[in-house]
Amino acid sequence: MLLKSTLKGLKLITKNLNIKEIFLAGKLLREGKLVAFPTETVYGLGARADSDNSIKRIFNVKGRPTFNPLIVHVASIKMAKDIAVFDKQALKLIDNLWPGPITFVVPLKKGHNISKLVTAGLDSVAIRFPKSLIAQQILSSAGVPIAAPSANLSGRISPTSAIEVFEDLDGKINAILDGGSCEVGVESTIIKTDPITLLRPGGISPEDIQRITRTEVFFLNEGASIVAPGQLKSHYAPKASVKLNVHNLEPNEVLLGFGNVENATLNLSPSANLSEAAKNLFYMLRKLDHEVSKDDFKVIAVSPIPKIGIGLAINDRLKRASAPRY
Ligand code: TXA
Ligand code: MG
């Protein structure tokens, strides 16, 4: 499948990425352009983290509130250490989990060159070294830290395939690289250390973190908005309303199932596998949303999903998808 961007003069592209396309993405990013690319979690919308102008464009294109800071993506641990300071606990976690779907909120280092707009003026920065090889190659090719929020319009469902990026951002950005569907399917876990606090559940579970550090993992209280400005209550919102933990279906509902349930229009994982459910979550929410608006059904009902491992991240996203809209 070849996608075509409507933004004139600039490329957009293709499955089976080759080295030419990776270099092109790196070049566009270096030039300050906006490029969407796959990571193992979701597709990101990348731009130079040291360029005020490029970062301004990210906020504009997404319609994202400027108080919601972005994650800086790096191609190596060294690149991360040039930007920020990592304490012992963070270093131990990095050693075990990077590259991978976990982001660290850490103090900025003196002399860093990250735009103030990336961090929304905070003196901490969120940093991630993704596992996806395509992402790593693009970041290496760019050669500079790249800020990359999920490549969706603000408040809507994150994209896990290039076509979904296209739906939201066609004509507004400079390129979309199609690397197929994302392996993990929900965004990275975000933590801070001292003490270790989970700011956003994601691809790495608190159980994994605890196993490595052997210390307690604290959970961010609802409403502690200063620590994670982006954890807005309504997010990942389909147009239809969403109802959680449903056992019995009402006539105006379509069921997004989990496990061995009857009458599911789509099933996140018939075998009740949480990793499979995470991978399918955003894609199926988008798909049901299209169906619902077509058939005049009103509500997407979702089966209960265990709150363990990556199930915690799935429940977090579903809760935000079902929250009253602002
Ligand atoms: O998996 C991911 O993390 C994806 C891919 C593209 O890497 N990116 C992503 O970015 O999910 P975004 O912008 O959709 O989410 C970034 C989150 C927001 O909730 C934001 O508030 C939080 O990171 N964040 C960024 N900087 C922060 C900081 N200094 N302190 C606390 N939270 C921060
Ligand atoms: Mg996002």
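Residues numbered from 1 in each chain as written. Chains lettered and ligands numbered in written order. Predicted model: local features only at pLDDT ≥ 70, side-chain atom pairs only at ≥ 80, totals over all residues. Heavy atoms only, no water.

Q: Even after reading the chapter, I still don't get the packing of aromatic side chains, so can you show me in this structure?
A: Aromatic rings considered in pairs are described by the distance between their centres and by the relative angle of their planes. Scanning the model with the defined rule gives three aromatic pairs in all. On the numbers, 5.3 Å between centres and 85 degrees between planes, the contact of W98 with F104 is edge-to-face. The pair W98 / F104 is uniform in exposure class, with both members buried. Counting every residue linked through ring pairs, the aromatic cluster contains F86, W98, F104 and F129. (Phe/Tyr/Trp six-rings, centres within 6.5 Å; stacked < 30°, edge-to-face > 60°. Buried < 20%, exposed > 50% of the residue type's maximum accessible area, 1.4 Å probe, protein only.)

Q: Help me understand the packing of helix α1 (residues 19–30) against helix α5 (residues 133–142), please; the structure alone is not making it clear to me.
A: Pairs of packed helices are described in terms of their axes, by the angle between the two and the distance that separates them. Closest axis-to-axis distance for the α1/α5 pair is 8 Å, and the angle between their directions is 50 degrees. Compared by their axis directions, α1 and α5 come out oblique. Between α1 and α5 lies a crossing whose hand is right-handed. Along its contact with α1, which presents I22, F23, A25, G26, L29 and R30, the element α5 presents I134, Q137, I138, S141 and A142. Among the residues forming the contact of α1 with α5, the class breakdown is seven nonpolar, three polar and one charged. (Axes fitted to C-alpha atoms, helices over the stretch in contact; angles between N-to-C directions. Helix = DSSP H or I, 4+ residues; strand = E, 2+ residues; numbered from the N terminus. Parallel < 35°, antiparallel > 145°, perpendicular 65-115°, else oblique. Left-handed = near helix turned anticlockwise from the far one by under 90°. Contact = heavy atoms within 4.5 Å. Nonpolar A, V, L, I, M, F, W, Y, C, P; charged D, E, K, R; others polar.)

Q: For this particular structure, what's the right way to read the nonpolar core?
A: Side chains of nonpolar character tend, in soluble globular proteins, to be buried together. Among the nonpolar cores identified, the biggest contains 65 residues, and I83, F86, W98, F104, I127 and I173 are the most heavily contacted of them. The next biggest cluster of nonpolar side chains, apart from the first, holds 28 residues, and it includes A277, L281, M284 and I305. (Core = buried A, V, L, I, M, F, W, Y, C linked by side-chain atoms within 4.5 Å.)

Q: Can you help me understand the environment of P206 in this one?
A: Secondary-structure assignment places P206 in helix α7 (residues 206–213). Along the backbone, P206 and E216 are 10 residues apart, and their C-alpha atoms lie at a distance of 9.3 Å. Discounting chain neighbours no more than four positions away, the residues touching P206 are L198, V217, F219 and L312.

Q: For this particular structure, what's the right way to read the pattern of salt bridges?
A: Inspection of every chain in the model, using the stated rule, returns 14 salt bridges. A salt bridge links K27 to E31; its shortest N-O distance comes to 3.2 Å. Bridged by salt links that share partners, the residues E164, E167, D168 and R286 form one connected network. (Salt bridge = Lys/Arg side-chain N within 4 Å of Asp/Glu carboxyl O.)

Q: What should I look at first to understand the sheet that holds strand β12 (residues 253–257) in this one?
A: Within a sheet, neighbouring strands are paired by backbone hydrogen bonds and run either parallel or antiparallel to one another. Overall, parallel pairing links the four strands, which are arranged β11-β14-β12-β13 in an open sheet. The open sheet is flanked by β11 (241–243) and β13 (264–267), the only strands paired with a single partner. Direction aside, neighbouring strands of the sheet carry axes that sit 30 degrees apart on average. In terms of strand pairing, β12 meets β13 through three bridges, oriented parallel. For G257, the partnering residue across the bridge sits in β13 and is N267. (Pairing = 2+ DSSP bridges.)

Q: Whenever I open this one, the environment of M79 confuses me. Can you help?
A: Along the chain, the position of M79 falls in helix α3 (residues 77–83). Assessed through its relative accessible area of 16%, M79 is described here as buried. Linking M79 and P145, residues 66 residues apart in sequence, is a C-alpha distance of 7.5 Å. Apart from the residues lying within four places of it in its own chain, the contact partners of M79 are V74, G143, V144 and P145.

Q: Looking at this model, I keep getting lost on the side chain of Q136. Mind explaining?
A: Here Q136 lies in helix α5. Judged by relative accessible area, Q136 falls into the buried class, the value being 18%. The residues contacting Q136, other than those within four sequence positions of it, are A75, P99, F129, P130 and K131.

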